[in-house]
Amino acid sequence: MSGTLYLVPNLLGAVPPSRVLPQHTIETARRITHWVVETPKPARAFLKALEMSVPIASLEIRTFPEQSMADDMAALLAPAHHGADLGVLTDAGCPGIADPGALLVAAAHEASMRVVPLVGPSAILLALMASGMNGQQFAFHGYLPAKSESRAEALRALEADSRAHRRTALFIETPYRNVAMLETIIEALKPSTVVCVAADLTLDTETIERRTVRGWRQSDISRFAKRPALFVLQA
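Computed from a predicted structure; not experimentally measured.

**Q** Can you walk me through the side chain of Gln234 in this structure?
**A** As for its placement among the helices and strands, Gln234 is situated in strand β10 (residues 229-234). What makes Gln234 buried here is its relative accessible area of 15%. Reaching out from Gln234, the side chain makes a polar contact with the backbone nitrogen of Asn134 at a distance of 2.8 Å. Beyond its immediate sequence surroundings of up to four residues, Gln234 is in contact with Met133, Asn134, Ser162, Arg166, Thr168, Thr193 and Val194.

**Q** Any chance you could explain a nonpolar patch on the surface here in plain terms?
**A** Taken together, Leu125, Met129 and Phe138 make up a surface patch of nonpolar side chains, about 320 Å² in accessible area. Topologically, Leu125 is positioned in helix α7 (residues 123-131). Relative accessible area serves as the criterion here: at 44%, Leu125 is assigned to the partly exposed category.

**Q** Where do I start with the pattern of salt bridges in this structure?
**A** Pairing is possible between side chains of opposite charge, provided their charged atoms come close. Under the definition given, this model contains eight salt bridges. The partner of Asp161 in a salt bridge is Arg167, and the shortest N-O contact between them spans 2.6 Å. The salt bridge partner of Arg223 is Glu209, with a shortest N-O separation of 2.4 Å. Residue Arg223 is found in the loop between α10 (213-216) and β10, and its partner Glu209 is found in strand β9 (residues 207-212); the two are separated by 14 residues along the sequence. Using a relative accessible area of 27% as the deciding quantity, one classes Arg223 as partly exposed. Beyond isolated ion pairs, a larger network of salt bridges with shared partners links Glu209, Arg211 and Arg223.

**Q** Explanation requested: the sheet that holds strand β4 (residues 86-89) in the structure shown.
**A** Note on sheets: strands pair through backbone hydrogen bonds, and any given pair is parallel or antiparallel. Strand order across the open sheet formed by five strands is β3-β2-β4-β1-β5, with parallel pairing between neighbours. The sheet is open, and its two borders are formed by β3 (60-63) and β5 (114-117), each paired with just one other strand. Recorded for the sheet is a direction-independent mean angle of 20° between the axes of neighbouring strands. Against the sheet, helix α6 (residues 102-110) touches β1 (4-7), β2 (34-37), β4 and β5, its axis set at about 155° to β1.

**Q** Looking at this model, I keep getting lost on the packing of aromatic side chains. Mind explaining?
**A** The description of an aromatic ring pair uses the distance of the two centres, along with the angle that the planes make with each other. Taken as a whole and judged by the stated rule, the model has two aromatic pairs. Ring geometry for Phe171 and Phe231: centres 5.5 Å apart, planes at 5°, overall stacked. With a gap of 60 residues between them, Phe171 in strand β7 (residues 168-172) and Phe231 in strand β10 connect regions that are remote in the sequence. Of the two residues examined, Phe171 and Phe231, each falls in the buried class.

**Q** Would you mind going over the nonpolar core with me for this structure?
**A** The nonpolar side chains of soluble globular proteins are, as a tendency, buried together. Counting 21 residues, the largest nonpolar core has Val8, Leu21, Trp35, Phe46, Leu47, Leu50 and Leu89 as the members making the most contacts within it. For this core, the elements supplying multiple residues, two or more each, are α2 (23-30), β2 and α3 (40-49). With three residues, the single largest contributor to this core is α3. Residues contacting Leu89, with those up to four places away along its chain left out, are Val8, Pro9, Asn10, Trp35, Val36, Val37, Glu38, Ala43, Phe46 and Pro95. Among the nonpolar cores identified, the runner-up in size contains 20 residues, and Ala169, Phe171, Phe224 and Ala229 belong to it.

**Q** Help me understand the pairing of β7, please; the structure alone is not making it clear to me.
**A** Successive residues of a regular strand alternate their side chains across the two faces of the sheet. The buried fraction of β7 is high, at five of five residues. Residues Thr168, Leu170 and Ile172 point to one face of β7 and Ala169 and Phe171 to the other, with burial holding for every one of them. The sheet contact formed by strand β6 (residues 138-143) and β7 spans four bridges and is parallel. Looking across to β7, one finds that Ala139 is bridged to Ala169. At this point the chain moves from β6, through helix α8 (residues 148-165), to the parallel β7, and the crossover so formed is right-handed. Across four bridges, the pairing between β7 and β10 is antiparallel. By the bridge assignment, Ile172 is partnered in β10 with Leu230.

The rules behind each value
- Residues numbered from 1 in each chain as written.
- Predicted model: local features only at pLDDT ≥ 70, side-chain atom pairs only at ≥ 80, totals over all residues.
- Heavy atoms only, no water.
- Helix = DSSP H or I, 4+ residues; strand = E, 2+ residues; numbered from the N terminus.
- Buried < 20%, exposed > 50% of the residue type's maximum accessible area, 1.4 Å probe, protein only.
- Polar contact = N/O pair within 3.5 Å; in protein donor to acceptor, adjacent residues only side chain to side chain.
- Contact = heavy atoms within 4.5 Å.
- Patch = residues over 30% accessible without salt bridge, like charges linked within 9 Å, V, L, I, M, F, W, Y side chains within 5 Å.
- Areas by Shrake-Rupley, 256 points an atom, 1.4 Å probe, with all protein chains shown as cover.
- Salt bridge = Lys/Arg side-chain N within 4 Å of Asp/Glu carboxyl O.
- Pairing = 2+ DSSP bridges.
- Axes fitted to C-alpha atoms, helices over the stretch in contact; angles between N-to-C directions.
- Phe/Tyr/Trp six-rings, centres within 6.5 Å; stacked < 30°, edge-to-face > 60°.
- Core = buried A, V, L, I, M, F, W, Y, C linked by side-chain atoms within 4.5 Å.
- Right-handed = clockwise from strand over helix to strand, strands pointing away.

Taken by themselves, the reported measurements are silent on function.
Have a look at this one:
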């Protein structure tokens, strides 16, 4: 009989697991001895914080390949095919949500394997919840272009879509480019468009601010430099 594939949410930063994870998630993760992870170092740090029931060195920890293929997924699922439960863990947040994991989950379904998502923090949902914007229709767009002209064009397209369909747009940026993103938002978007920035979610330094573009023009945006953040937009 196959084991179960558990999708285990990781922390969004250095906080005690009990602060953001239900006890059921912690207890389930503690007994899993076979893992597929995004990056070994943060995975081991998370598992250590959980106070696993066995030494970390005794765990079988394998990583997602850079370019995943069907054969890779079958190999990663091998422990579960032999009856062991298997945990999936990304560097932060929920597996398969703007992070690796979806292909492995799809392969598990194709193999008629039980898949169980565990409860934990999702930065996308937390930012949307805190934004006060439309949660009935929304879309996550990942990273926008890095070059300023292409970034401005992408932002104007999201603004036009939001205005036409009343749809909330969410996106992220590499932390060291947060200020550049806000500068482009201020320059490219209409003054009445509303933008929420949610930084350091679940941490003691958490900051969630919502303003119109006109309001952001009068704000000190430098405080968002080099901080993990999500941007939420509604025109």
